[in-house]
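# Coordinates in review
So the chains spell out like this:
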Amino acid sequence: MKLQFTKMQGAGNDYIYLDCRQSGVPAQAPALAARLSRRHFSVGADGLICIAPPMLADADATMVMYNADGSEGVMCGNGVRCVAEYLYTHGVVKDRIELDTPRAGRKTLYRTAPHSWCAGMGRFSVRAEDIPAVGLGAGPLLDVPLVAAGRNWQVGCISMGNPHCVVAGQAQLPDAAQLAVWGGTLERHPAFPQGTNVEFVQIHTPEHISAAVWERGSGATLACGTGACAAVALLVLRGSCPRGKAVEVTMPGGALSVCVLEDDTVLLTGPARTVFEGVVEAPEG
């Protein structure tokens, strides 16, 4: 079976996109995600995103995402902007696009410039039951100790609809080898029964931070939209970043802009670009 796909990226966070608005999400989507995401041996990506028919009548489409290991994801801030960009360039020519998601609710996106979108990412939570996190208290989990990879960590735990463990105040960001060990160990820490995304954060100024990210189910990525939101939200609560102002988050693949509003709603703005389109052989069934 030949499968037509589009490769897109937001700040280097790249996914394979399938337009499933007519056909529906293929039953083998998890296996496809694992097979096609392999770098050097296939298309290569941080995962697979299916653009499906809307769940509710007033939406433009539904985003269904799978990590590089085939597990189903909850939300991707870079991916959701790329879905809006795809729709905009494939017949849904509107500056406001409404997207449903199976597990993270409705997301509204606004076109701010060519190839740039602002996504309303909803409200965050630092309560243990929302993350979920166990053995760390009920929350708010703004600064809690963890032991992992033979080190003592002070972390903040936060949900952006998906779980995040933020290690803030780093003098320097981890190198690739350190990120693999530290990020992988924290991802699978017993405190996080469903696993977690991990962000290591360096603070430059109140309105500029840098982050290295380890994504649950995908590993090291060049950027993570929900990770950027989680990092800024945590630093706003700690008083290190301002509320109501844009904070630039520099990641290996580029910069994203995050603004935490007074009601704890988080806005994420950044690029969304098509890399290439192609056709790949996919197994039947």
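See above for the structure.
Residues numbered from 1 in each chain as written. Predicted model: local features only at pLDDT ≥ 70, side-chain atom pairs only at ≥ 80, totals over all residues. Heavy atoms only, no water.

Under the counting rule described, the total for this entry stands at 16 salt bridges. Measuring nitrogen to oxygen at the nearest pair gives 2.8 Å for the salt bridge that ties Glu281 to Lys2. With Glu281 in strand 17 (residues 273-281) and Lys2 in strand 1 (residues 2-10), the pair connects residues that are 279 residues apart, well separated along the chain. With a relative accessible area of 42%, Glu281 lands in the partly exposed category. A salt bridge links Asp264 to Arg243; the nearest nitrogen and oxygen atoms lie 2.8 Å apart. With Asp264 in the loop between strand 15 (254-260) and strand 16 (265-271) and Arg243 in the loop between helix 4 (225-238) and strand 14 (247-251), this residue pair connects regions lying 21 residues apart in the sequence. Judged by relative accessible area, Asp264 falls into the partly exposed class, the value being 24%. Among the charged side chains, a network of salt bridges with common partners joins Asp58, Arg96, Glu98, Asp100 and Arg106. (Salt bridge = Lys/Arg side-chain N within 4 Å of Asp/Glu carboxyl O. Helix = DSSP H or I, 4+ residues; strand = E, 2+ residues; numbered from the N terminus. Buried < 20%, exposed > 50% of the residue type's maximum accessible area, 1.4 Å probe, protein only.)

This part covers the pairing of strand 10 (residues 163-167). When you tally the buried positions in strand 10, you get five out of five residues, the bulk of the element. Here strand 10 shows two buried faces, one formed by Pro163, Cys165 and Val167 and the other by His164 and Val166. In the sheet, strand 9 (residues 151-159) pairs with strand 10 via four bridges, with the strands oriented antiparallel. Bridge pairing in strand 10 places Cys157 opposite Cys165. Counting the residues between successive antiparallel strands, the hairpin from strand 9 to strand 10 contains three residues, one of them, Gly161, with a positive phi of roughly 95 degrees. Bridge count between strand 10 and strand 11 (residues 197-205): four bridges; the pairing is parallel. Of the residues in strand 11, the one forming a bridge with Val166 is Glu199. Remark: the strand 10/helix 3 (residues 176-187)/strand 11 crossover connection has right-handed handedness. (Pairing = 2+ DSSP bridges. Right-handed = clockwise from strand over helix to strand, strands pointing away.)

The next subject is the environment of Val167. Of note, Val167 is situated in strand 10. Judged by its relative accessible area of 2%, Val167 is buried. Spatially, the C-alpha atoms of Val167 and Arg123 are 20 Å apart, while their sequence positions differ by 44 residues. Those residues in contact with Val167 that lie beyond four places of it in its chain are Trp153, Gln154, Val155, Leu186, Glu199, Phe200 and Val201. (Contact = heavy atoms within 4.5 Å.)

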